[in-house]
Amino acid sequence: MAFVLITSSLFIVILSSLGLLLMKILTRKPLKKLNENTYWGPGERPKTLDTTIREFEIEVPKEVLEDLQWRLDRLRPLIPPLEGIQQQYGMNTNLLKVVIDYWKNKYNWTERQNYLNQFPQFKTNIQGLDIHYLHVKPQNPCNKKVLPLLILHGWPGSVREFYSMIPILTTPTEDREFVFEVIAPHIPGYGFSQAAAKPGLNPAEIAVIMKNLMNRLGFKKFYCQGGDFGAIILQSLCILYPENVLGFHTNMASIQTPMAYIKYFLGVLYPNWVTRPEHRMRIYPLSRSFKRRLRETGYLHIQATKPDTIGVALTDSPAGLLAYILEKFTTGTNSAWQAREDGGLLEAWNYTDLLDNVMIYWITGSATTSFRLYAETFNDENLKEGLLRHPLQVPTAIARYTRDFYVADSIIDELFPNNVYLSDIDGGHFAAFQLPEVFANDVFCAVDKFEKININK
Ligand SMILES: *[C@@H]1O[C@H](CO)[C@@H](O)[C@H](O)[C@H]1NC(C)=O
Ligand SMILES: *[C@@H]1O[C@H](CO)[C@@H](O)[C@H](O)[C@H]1NC(C)=O
């Protein structure tokens, strides 16, 4: 009798502790209200902050360009790849040599600077930081409704990723009732946007800056589109400021809830419960997905822990920076390109396109400050806050590119209960840059759905 009593009470204790544990990981911390005036600039907060909007054009001093040429001319001998190896050990130096030669001899900065300056650009100071952004309005809206669209890049990207897509987004077509006015900022610490001088500028705090930027431009309500870190920042913005967002299109939905993980694990037993049969290979076997993640995310661990150390090398060596960034454009676009010496780069871009993006990091010396965003994101304090475990109240659209991160159908509801549009598109991680027309069309389709919802509200 005593034995039965002891085992059954033990059983109850174990069961209830498990239940409590589950409760604990499934409940979310309440949303913390962020200070919308936090000052991120250097030194003490000045008494008054300049709130003007200033026109901006890229104009790189001659010395910076001469210095770059000087460094490229003094490249030390590259270590050849191992026999029979293409990109599997990282950037293939035979390929790198070809791109460096192109950079030195064919890439014409005067022409590229004109190209990059083709859209109206501005800077304005938000919370102590000069934020750079493109602001492109339709030249001839043809009586269509003009909708504000905030689009945000990630790492190792820049606004350059959007250059082919912007004219499509801002040009009216007969079959659509609306057209976009595009606002494309650089994340603080990226390209021509000033970097924080103080620690703590995580995606939620950047979301505050982006919201303040849009408000300063006169937009109380706007659409958002984000990929990579831009997606994380704008997902945060949607959670913090749903009243400002008309709809959110993401090509990197982040759904990292305990329940999502539990579902993925249970799917080992019965994958069809978690995802469509034709998508099964994208998650299972879990060991393969896990190994792939581990193999491709070494950079993330470095940048999340010691960004300033790796930053020294990549701010000092253009060849190093080029290798570090181009590697992502090969494997991030198609993992099968690892087995090609040319890295597949020319299938999606040409060297000019890719070097424009690298130049934005080089001329602004923003390697280190761009890496720091990882440290500000993947730290205990930020993760504990668990902002991204809150569901989005705004209407959303998720684009899943076939060669990019994947979210299974069954977990979408966890954080995107108002998802009105889900598309599966053949392409890679830098989709807006790789497939501007397809990408723009997908955004138009999503916003078409959003507009119908918003009109009926
Ligand atoms: C570079 O481009 C500029 C502007 O398009 C042009 O005037 C110049 O001749 C070009 N330089 C070379 C070396 O091709
Ligand atoms: C590179 O591709 C772009 C389109 O992305 C094109 O406009 C440009 O002319 C190409 N440049 C060269 C040098 O082939």
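Our structure is the block above this text.
This structure is a prediction, so every number in the text was calculated from the model and none was measured. (Residues numbered from 1 in each chain as written. Chains lettered and ligands numbered in written order. Predicted model: local features only at pLDDT ≥ 70, side-chain atom pairs only at ≥ 80, totals over all residues. Heavy atoms only, no water.)

## So, the packing of aromatic side chains
Piece 1. Evaluated as defined, the whole model comprises 24 aromatic pairs.
Piece 2. With a centroid separation of 5.8 Å and an interplanar angle of 80 degrees, the aromatic rings of Tyr 299 and Tyr 374 are classed as edge-to-face. Of this pair, Tyr 299 sits in helix H10 (residues 298-305) while Tyr 374 sits in helix H15 (residues 367-377); the two residues are 75 residues apart in sequence, bridging distant segments of the chain.
Piece 3. Accessibility expressed as a relative area gives 2% for Tyr 374, which makes it buried.
Piece 4. With a centroid separation of 5.3 Å and 40 degrees between ring planes, the pair formed by Trp 349 and Phe 433 is classed as tilted. Placement of Trp 349 in the loop between helix H13 (345-348) and helix H14 (351-364) and of Phe 433 in helix H18 (residues 431-434) is noted, with a sequence separation of 84 residues between them. Neither residue differs from the other here; Trp 349 and Phe 433 are each classed as buried.
Piece 5. A connected cluster of aromatic rings, assembled from ring pairs, spans Trp 155, Phe 229, Tyr 299, Tyr 324, Phe 371, Tyr 374 and Phe 378. (Phe/Tyr/Trp six-rings, centres within 6.5 Å; stacked < 30°, edge-to-face > 60°. Helix = DSSP H or I, 4+ residues; strand = E, 2+ residues; numbered from the N terminus. Buried < 20%, exposed > 50% of the residue type's maximum accessible area, 1.4 Å probe, protein only.)

## Details of the pairing of strand E2 (residues 121-126)
A regular strand places its side chains on the two faces of the sheet in alternate fashion.
Piece 1. Along E2, 6 of the 6 residues are buried, which leaves the element largely enclosed by surrounding structure.
Piece 2. With burial as the criterion, each face of E2 is covered, one bearing Gln 121, Lys 123 and Asn 125 and the other bearing Phe 122, Thr 124 and Ile 126.
Piece 3. Pairing between E2 and strand E3 (residues 129-136): 6 bridges, direction antiparallel. Within E3, the position partnered with Asn 125 by the bridge is Asp 130. (Pairing = 2+ DSSP bridges.)

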